[in-house]
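# Secondary and tertiary structure notes
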Amino acid sequence: MRLTALKLTAIAAVLSLSSCGNGGEDIVNVIPEPNYVKLLGGSTEANEGIVEKINDPKLGEEEYVIEIRKGRVTVKASALRGFLYAQQTLDQLRDADGEWPDVIIRDRPRFAYRGMHLDCARHFFSVDELKRYIDMMAVHKMNKFHWHLTDDQGWRIEIRKYPLLTKIGAWRKGEKLFRPDGSGGDPTGALYGGYYTQEQLREVVVYAAERGIDVIPEIDLPGHMQAALAAYPELGCEGYGPYEVWNFAGVSPDVLCAGNEKTYEFLEGVLDEVLEIFPSKYIHIGGDECPKDHWATCPRCQAKIAELGLKGDGQFSAEHYLQSGYVTARVEKFLNEHGRSIIGWDEILEGELSPNATVMSWRGSAGGQKAAALGHDAIMTPTTHFYFDYCQSLDRASEPDGIGGYLPVSKVYEYEPFTPEMTDTEKKHILGIQANLWTEYIATPEHLEYMLLPRMSALAEVQWCDPGRRDADRFFRDLDRMCGIYEAMGYNYAKHIYEVLGKVSVKDGCYLIELKTAGDTPIRYTTDGSDPTDDSPLYTGPFTLTATPCTVKAATFRHGERSKVWTQELIANKAFGKKLWLNSPKANGYDYLSESALNDGIRGNWNYSDGRWVAWNGAPMDVSIDMNGEKCSEVSVGFIINTPNWIFGPLSLKVYGDGVLLGWLFIPEVGASAPDSVENYSVTFPETEVGELRVVAEDTRVIPSWHGGKGHTGFLFVDEILVK
Ligand code: ACM
Ligand code: ZN
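What you are looking at is a predicted structure, and each value in this text was computed from that prediction instead of being measured.

## What to know about the pattern of salt bridges
In this structure the tally under the stated criterion is 40 salt bridges. One salt bridge connects glutamate 62 with arginine 114, and the closest N-O pair in it is separated by 2.7 Å. Of this pair, glutamate 62 sits in the loop between strand 2 (52–55) and strand 3 (64–69) while arginine 114 sits in strand 6 (residues 113–119), and the two are 52 residues apart along the sequence. Looking at glutamate 62, the relative accessible area reads 10%, which means it is buried. Residue arginine 330 is joined to glutamate 261 by a salt bridge in which the shortest nitrogen-to-oxygen separation is 2.8 Å. In this pair, arginine 330 is assigned in helix 11 (residues 318–337) and glutamate 261 in helix 8 (residues 261–277), connecting sequence segments 69 residues apart. Judged by its relative accessible area of 24%, arginine 330 falls in the partly exposed class. Take glutamate 261: its relative accessible area is 45%, and that puts it in the partly exposed class.

## Re the packing of helix 17 (residues 455–464) against helix 18 (residues 472–489)
It is at 10 Å that the axes of helix 17 and helix 18 come closest, and there the two elements cross at 125 degrees. By the angle between their directions, the pair helix 17 and helix 18 is classed as oblique. As for how helix 17 packs across helix 18, the hand of that crossing is right-handed. Here Ser457, Ala458 and Glu461 of helix 17 come into contact with helix 18, specifically with Arg474, Phe475, Leu479, Met482 and Tyr486. Tallied by class, residues from the contact of helix 17 with helix 18 come to five nonpolar, one polar and two charged.

## A short note on the coordination of the zinc ion (ligand 2)
When a metal carries six donors in an octahedron, the ideal angles between them are 90 or 180 degrees, while four donors in a tetrahedron ideally lie at 109.5 degrees. Every protein donor of the zinc ion (ligand 2) is listed here as Cys237 (SG), Cys257 (SG), Cys298 (SG) and Cys301 (SG), and their distances to the metal cover 2.3 to 2.4 Å. One can describe the site at the zinc ion (ligand 2) as tetrahedral: its four donor atoms subtend angles covering 103 to 116 degrees at the metal.

## As for the packing of aromatic side chains
The final tally for this structure, using the stated rule, is 30 aromatic pairs. We note arginine 179 situated over the ring of tyrosine 441; from NZ or CZ to the ring centre the distance is 4.2 Å.

## Some points on the sheet that holds strand 18 (residues 501–507)
Sheet architecture is open: three strands sit in the order 18-19-21, paired in antiparallel fashion. Strands at the two margins of the open sheet, each flanked by one partner only, are strand 18 and strand 21 (543–546). Neighbour-to-neighbour, the strand axes of the sheet open up by a mean angle of 30 degrees, direction not taken into account. Of the strand pairs in this sheet, strand 18 and strand 19 (residues 510–516) are connected by seven bridges, and their pairing is antiparallel. Its bridge partner being in strand 19, glycine 502 is matched across the sheet by leucine 515.

## Topic: the nonpolar core
Soluble, globular proteins show a tendency: their nonpolar side chains are buried together. Formed by 117 residues in total, the largest nonpolar core has its most connected members in Trp147 and Trp155. If you look at the next biggest cluster of nonpolar residues, it comprises 34 residues, including Met621, Met627, Leu653 and Leu693.

## Digging into unusual backbone geometry
Residue leucine 221 is joined to proline 222 through a cis peptide bond whose omega torsion reads 0 degrees. Following the sequence through the fold, proline 222 ends up in the loop between strand 12 (214–218) and helix 7 (226–231). The backbone phi angle of glutamate 289 is positive, close to 45 degrees, even though this residue is not glycine. Counting through the fold element by element, glutamate 289 comes out in the loop between strand 13 (282–284) and helix 9 (293–297). On the accessibility criterion, glutamate 289 (30% relative accessible area) is partly exposed. Its identity is not glycine, yet asparagine 628 carries a phi of approximately 60 degrees, on the positive side. Tracing the backbone through its elements, the reader meets asparagine 628 in strand 27 (residues 621–641).

## Brief notes about helix 12 (residues 366–373)
For an α-helix, 3.6 residues make a turn, and residues three or four places apart therefore share a direction. Of all the residues in helix 12, the buried ones are Gly367, Gly368, Ala371 and Ala372. For helix 12, the arc enclosing every buried residue in end-on projection is 135 degrees, short of the 170-degree limit, so these residues lie on one face. Buried residues belonging to helix 12 abut strand 15 (358–361), strand 16 (378–380), helix 15 (424–429) and strand 17 (430–435). At the C-terminal side of helix 12, glycine 375 shows a positive phi close to 85 degrees.

## Topic: the environment of phenylalanine 178
Relative to the assigned elements, phenylalanine 178 resides in the loop between strand 10 (171–173) and strand 11 (191–193). Separated by 262 residues in sequence, phenylalanine 178 and glutamate 440 place their C-alpha atoms 9.3 Å apart. Contacts of phenylalanine 178, omitting those with residues within four sequence positions, involve Ser183, Gly184, Gly185, Asp186, Asn247, Phe248 and Ala249.

Conventions we followed
Residues numbered from 1 in each chain as written. Chains lettered and ligands numbered in written order. Predicted model: local features only at pLDDT ≥ 70, side-chain atom pairs only at ≥ 80, totals over all residues. Heavy atoms only, no water. Salt bridge = Lys/Arg side-chain N within 4 Å of Asp/Glu carboxyl O. Helix = DSSP H or I, 4+ residues; strand = E, 2+ residues; numbered from the N terminus. Buried < 20%, exposed > 50% of the residue type's maximum accessible area, 1.4 Å probe, protein only. Axes fitted to C-alpha atoms, helices over the stretch in contact; angles between N-to-C directions. Parallel < 35°, antiparallel > 145°, perpendicular 65-115°, else oblique. Left-handed = near helix turned anticlockwise from the far one by under 90°. Contact = heavy atoms within 4.5 Å. Nonpolar A, V, L, I, M, F, W, Y, C, P; charged D, E, K, R; others polar. Donors = N, O, S within 2.8 Å, 3.2 Å for Na, K, Ca; no water. Tetrahedral: all angles 85-135°; square planar, octahedral: opposite > 155°, others 65-115°. Phe/Tyr/Trp six-rings, centres within 6.5 Å; stacked < 30°, edge-to-face > 60°. Lys NZ or Arg CZ within 6 Å of the ring centre and 35° of its normal. Pairing = 2+ DSSP bridges. Core = buried A, V, L, I, M, F, W, Y, C linked by side-chain atoms within 4.5 Å. Arc of directions from axis to C-beta.

Structure representation (structure tokens):
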């Protein structure tokens, strides 16, 4: 990619520090390949281009070497991508005066698959907006654009054989989607939508290819198909329909009928045209969140299950096998016969994995690890680190409308796909890493850019750098300069990095406070509950506070303005730091949340997976604390209420002292419209000397029918247990 000369100068000096592994250190003398940087000292006058380009066939496709010595710039690479990445690095290496250092850089990426995904089905983005998106990918040296083109809420790809897909399926009633609980939406129902003609799709493919980026189209099947069914209702299961293009967020129950030959004729007709437009080796066939209810009652699907002799096995139903072992396998065979390979979301592991499929692991990393252990390729894109539709600040009121969740830049940067248990062969199957941008609540390019930047910069380092070359402190220092680049390119980026990122832990019975922000922006703090001013103490490094109740506040001061104030209440009490143990198991998937969080004197906020909370599911919270004979008269416990995420709060709270019930509380059930909150419930009782204090909270309900999780058990997220 070439930006304009003006922009080139403005983005000088930085990006190598953020997206490739060779930056970070000022002087690195001898570092083994890859990611080798040698600064020779001295500098070179600003230079508009590469002086000498050498084709070096010994280098890999994405590898490059830059040598700048006394005004001479030499770039070696063997292919387009290597030369493009070298150019990016050169553009980014210049300092504020437009000068390059004399330097030798030898660089190549850690992972071959470095992707970004964009959902253009929930909201439609124009070709020009897509080009800006691709430019952003190019700056970060990414090479795979995963384009989500079809979903319940809109079909966006012109298919000449099936014109109704875009005539009907590309348009829905209302731009703004209703939330799954029925709130939000666009009551006017004004028609909203759009689609890409085949010429436009090809234009995007060519534009991306010129920037070293493959476009991987996704046709999400056999679920997420309500828009297609609105156009061709005969493709649905017997007894269902008519259909409209959906104007809700969430997962529609409508699916393609797996027992109808017409479905496969349709899919092959669509894919024939997809293959003509997209030269990519990979075609993404979705496979996620496919509801099985229609298949369970449809005579055609049931006949197909009987014909194939499919059976449930306790873990997966016959309908799961129908998806993975038949629908996915049949589509894979078709695409393999046409010389292409499939990628599917990790649900394609449920039942029988198609022989050559690559698994895209989104529900955590376990799906990718399992695929690798089975000898399949995998791409890691877990919600925990790479769902860029999650918000970036805990201050929800200051964030744009969104799907929820919390994913700060720092968390993106922390991700490591390899585990100590993985064999070298399994590691080789992890092709790479991708972040996803779902757009249920993202309708404008400004909002889209805000969600991407600067998290994309952290993603790029995870994709590119060897683990030993990653350094969060260096990354945050450089982010400041990185944002200068975004500004020069006219991108709207999130400014949270200039807020305080605080961490409180308990060390030797005291609180340890660590504060961070981007660059060298000064942080000032107070411990008396007052808001910091530019006269407050300057933060110079981690400090400790004794375990007495107090409130720490901190803020950054930049261009004369105070950032949002970071506040942490420290609530030491009689239970603080005492020996604590669990009498019931934590929720599956949340055992990483340590029970020490329950009495560390730090109260969790609404971000329930941040380590401040402990979770139970299907068992009561049952905790004992050794109070060592202390007098107690009140126990209060905090719970999250967040029904969209299956967190309902308790129905009762009981407190026992040395086996005797001291007090209890029954708590009303929350309803469909309960707002998200953190609730504290207290049980008081006559003052009692207690050895073992046992606290039990129960959620005995089964999730009611108004909720998508109906019939399952809900979660309890608990913090903090306070004893008076
Ligand atoms: C997904 O987020 N449904 C892949
Ligand atoms: Zn059916």
